[in-house]
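# Results of the structural survey
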Amino acid sequence: QKKIENNVVENVVENVVEDFSQSVINVLSGYSSKKRNSATKILKSIKNDSRITIAQIATQTGMTDRTVQRYLQEFQKAGILKREGSDVKGTWDIV
């Protein structure tokens, strides 16, 4: 069971490597598989559109606005996400 879980983690991390920096991968690797999956969906939405809103991310990912907001705050605290500019016209920057 543990070996299968480790293989799944390695496969997910390998897939994420292509899309994100090492610092993002380091943060994601500390998450459970469910949380990593959700976090990856959010980060991919931001990567596809840096001007995306929390409501748009929530719609795309099937999460609530509040859940998305909690992830974004966590990413900012971890230093892998920054908000540039205003809340309305600003952009997200994945570090």
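Placed above this text is the structure.
The structure reproduced in this document is the subject of the present report. Values in this document were obtained by computation on a predicted structure and should not be read as measured data. (Residues numbered from 1 in each chain as written. Predicted model: local features only at pLDDT ≥ 70, side-chain atom pairs only at ≥ 80, totals over all residues. Heavy atoms only, no water.)

It is worth spelling out the nonpolar core at this point. Ranked by size, the top nonpolar core spans 20 residues in total, and within it I42, I46, V68, L72 and F75 carry the most contacts. For this core, the secondary-structure elements that each account for two or more residues are α2 (22-29), α3 (33-48), α4 (54-61) and α5 (65-78). (Core = buried A, V, L, I, M, F, W, Y, C linked by side-chain atoms within 4.5 Å. Buried < 20%, exposed > 50% of the residue type's maximum accessible area, 1.4 Å probe, protein only. Helix = DSSP H or I, 4+ residues; strand = E, 2+ residues; numbered from the N terminus.)

Right, let's talk about the pattern of salt bridges for a bit. Scanning all chains against the criterion turns up one salt bridge. The shortest N-O distance in the salt bridge between K35 and E74 comes to 3.1 Å. Separated by 39 residues along the polypeptide, K35 in helix α3 and E74 in helix α5 bring together distant segments of the chain. (Salt bridge = Lys/Arg side-chain N within 4 Å of Asp/Glu carboxyl O.)

Let us look at the pairing of strand β1 (residues 81-84). By the bridge criterion, four bridges tie β1 to strand β2 (residues 91-94) in an arrangement that is antiparallel. Looking across to β2, one finds that K82 is bridged to D93. Here β1 hands over to β2 after six residues, with G85 in that stretch at a positive phi of 90 degrees. (Pairing = 2+ DSSP bridges.)

What follows covers α5. Over its 14 residues, α5 extends 20 Å from the first C-alpha to the last, a length consistent with the 20 Å expected when each residue adds 1.5 Å. The set of residues buried in α5 consists of T67, V68, Y71, L72 and F75. One face of α5 carries all of its buried residues, which in axial projection span an arc of 135 degrees. Among the residues trailing α5, G79 stands out with phi positive, at a value near 80 degrees. (Expected span 1.5 Å × (residues − 1). Arc of directions from axis to C-beta.)

Right, let's get into the packing of α3 against α4. Two elements in contact, α3 and α4, have axes separated by 10 Å at closest approach and are oriented at 125 degrees. What the angle tells us is that α3 and α4 run oblique. Taken as a pair, α3 and α4 cross one another with a handedness that is right-handed. Here K41, I42, S45 and I46 of α3 come into contact with α4, specifically with I57, Q60 and T61. Here the residues of the contact of α3 with α4 are counted per class, giving three nonpolar, three polar and one charged. (Axes fitted to C-alpha atoms, helices over the stretch in contact; angles between N-to-C directions. Parallel < 35°, antiparallel > 145°, perpendicular 65-115°, else oblique. Left-handed = near helix turned anticlockwise from the far one by under 90°. Contact = heavy atoms within 4.5 Å. Nonpolar A, V, L, I, M, F, W, Y, C, P; charged D, E, K, R; others polar.)

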